[in-house]
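The lines below spell out each chain.
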Amino acid sequence: MSSSFERHIRLTGAFNVRDLGGYPVAGGGTTRWRSMLRADGLHGLDENDVERLLELGLRTVVDLRSNAELANQPSPFAAHAVVAYRHVPLFEALAPVDMLTTGAGTFELAERYADAADRCRPALVKVIEEIDDAPQDGIVLFNCSAGKDRTGLVAAMLLSLAGVHGDEIAADYALTGSIAAPLLERLKGQALKRGLDEAIATRLLACQPATMHSLLRHVDGRYGGFSAYLADGGVERRRIDRIGARLRDAVAAE
């Protein structure tokens, strides 16, 4: 099956804006195009970029960055007339600046993701509730700074709820390595200037499928999957079901 939709939304002021549509789901069909976008920081968007996203149907932005990140690099949608802006800070230790200044020793990225899942369930519950409350006929975009770690965790959760296989989820995660390579190289250069060991910086900025597979195994083994993880965290079952349905197409794209 082919699709006329492009996964990578090419913009001037952001590297890593991607559509979660087109992935096969259990039982047949694919995830819905132009329903959910994952992204890196949006602070560099120009007027044409903003207009492009509005034309695609953007109506809600869920910003996962910390208060400090927002203060340094405000979102162009923070007080937008059309787009509803929601700020849900998600585990600051996954912010690039924090990882690249506290990444000493043998601390592995997969361990940090598992730690994030364990520690920030209330924030992830809030993310799900904000997405469920967003207008059904508009695109929801969620973003952090690089669009890899915090955004990757939310993307994995959403795709899991839609019934996407772990291999596809891991492949989606790994796309950041190629699509956002210039951004990752810039972050690595900044880390090296601050004195971080190159091997550690490379490991923390990597986008290996095995890292995402490790997170999925952790959530499955400890919580019974993302659906149970969210339900046990207080999300109503109807919300979980609606999120999955929102992301699913009835049939694969022709």
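The model shown is predicted, which means the values in this text are computed figures rather than measured ones.

Rules and cut-offs
- Residues numbered from 1 in each chain as written.
- Predicted model: local features only at pLDDT ≥ 70, side-chain atom pairs only at ≥ 80, totals over all residues.
- Heavy atoms only, no water.
- Axes fitted to C-alpha atoms, helices over the stretch in contact; angles between N-to-C directions.
- Helix = DSSP H or I, 4+ residues; strand = E, 2+ residues; numbered from the N terminus.
- Left-handed = near helix turned anticlockwise from the far one by under 90°.
- Contact = heavy atoms within 4.5 Å.
- Nonpolar A, V, L, I, M, F, W, Y, C, P; charged D, E, K, R; others polar.
- Core = buried A, V, L, I, M, F, W, Y, C linked by side-chain atoms within 4.5 Å.
- Buried < 20%, exposed > 50% of the residue type's maximum accessible area, 1.4 Å probe, protein only.
- Pairing = 2+ DSSP bridges.
- Salt bridge = Lys/Arg side-chain N within 4 Å of Asp/Glu carboxyl O.

Q: Just to check I follow, could you spell out the packing of helix H5 (residues 121-133) against helix H13 (residues 237-247) for this structure?
A: Relative placement of two packed helices is described by the angle separating their axes and the distance separating the axes. The interhelical angle for the contact between H5 and H13, taken along N-to-C directions, is 60°, at an axis separation of 10 Å. Pair H5 / H13 crosses with left-handed handedness. Along the contact surface, H5 presents Ile128, Glu129, Ile131, Asp132 and Asp133, while H13 presents Arg239, Arg242, Ile243 and Arg246. Residues of the contact of H5 with H13, tallied by class, amount to three nonpolar, no polar and six charged.

Q: Can you walk me through the environment of leucine 20 in this structure?
A: Along the chain, leucine 20 falls in the loop between strand E1 (18-19) and strand E2 (36-39). As a C-alpha pair, leucine 20 and arginine 38 span 18 residues in sequence and 7.3 Å in three-dimensional space. With sequence-adjacent residues up to four places away left out, leucine 20 is seen in contact with Arg7, Thr31, Arg32, Met36, Arg38, Phe142, Ala155, Leu159, Asp172 and Leu247.

Q: Could you clarify how one ought to interpret unusual backbone geometry in this entry?
A: Glycine aside, the phi torsion of most residues is negative, and most peptide linkages are trans. In the Ramachandran plot, arginine 34 falls in the positive-phi region, its phi being about 55° despite a non-glycine side chain. Secondary-structure assignment places arginine 34 in the loop between E1 and E2.

Q: I keep staring at the nonpolar core and nothing clicks. Help me out?
A: Within soluble globular proteins, side chains that are nonpolar generally end up buried alongside one another. Ranked by size, the top nonpolar core spans 53 residues in total, and within it Phe142, Val154, Leu158 and Leu230 carry the most contacts. Secondary structure elements with two or more residues in this core: helix H4 (109-119), H5, strand E5 (139-143), helix H6 (150-162), helix H7 (166-174), helix H11 (209-223), helix H12 (226-232) and H13. Considering every element that reaches this core, the biggest residue donor is H6, with nine residues. Residues within four places of phenylalanine 142 in sequence aside, it is in contact with Leu20, Met36, Leu37, Arg38, Ala39, Val62, Leu64, Thr151, Val154, Ala155 and Leu158.

Q: Just checking my understanding: could you explain the sheet that holds E1 for this structure?
A: Within a sheet, adjacent strands bond to each other through the backbone by hydrogen bonds, running parallel or antiparallel. Spatially, five strands are ordered E1-E2-E5-E3-E4 in an open sheet, and the strand pairing comes out mixed. Among the strands making up the open sheet, the edge pair consists of E1 and strand E4 (84-87). Taken together, the five bridges between strand E3 (residues 58-63) and E5 define a ladder with parallel strand orientation. Its bridge partner being in E5, valine 62 is matched across the sheet by phenylalanine 142.

Q: Would you take a moment to explain the pattern of salt bridges for this structure?
A: Pairing between side chains of opposite charge can happen when their charged atoms approach one another. What the rule picks out here adds up to 15 salt bridges. With a shortest N-O distance of 2.5 Å, aspartate 19 and arginine 34 are connected by a salt bridge. Residue aspartate 19 is found in strand E1, and its partner arginine 34 is found in the loop between E1 and E2; the two are separated by 15 residues along the sequence. The shortest N-O distance in the salt bridge between arginine 86 and glutamate 130 comes to 3.4 Å. Note that arginine 86 is positioned in strand E4 and glutamate 130 in helix H5, a separation of 44 residues in sequence.

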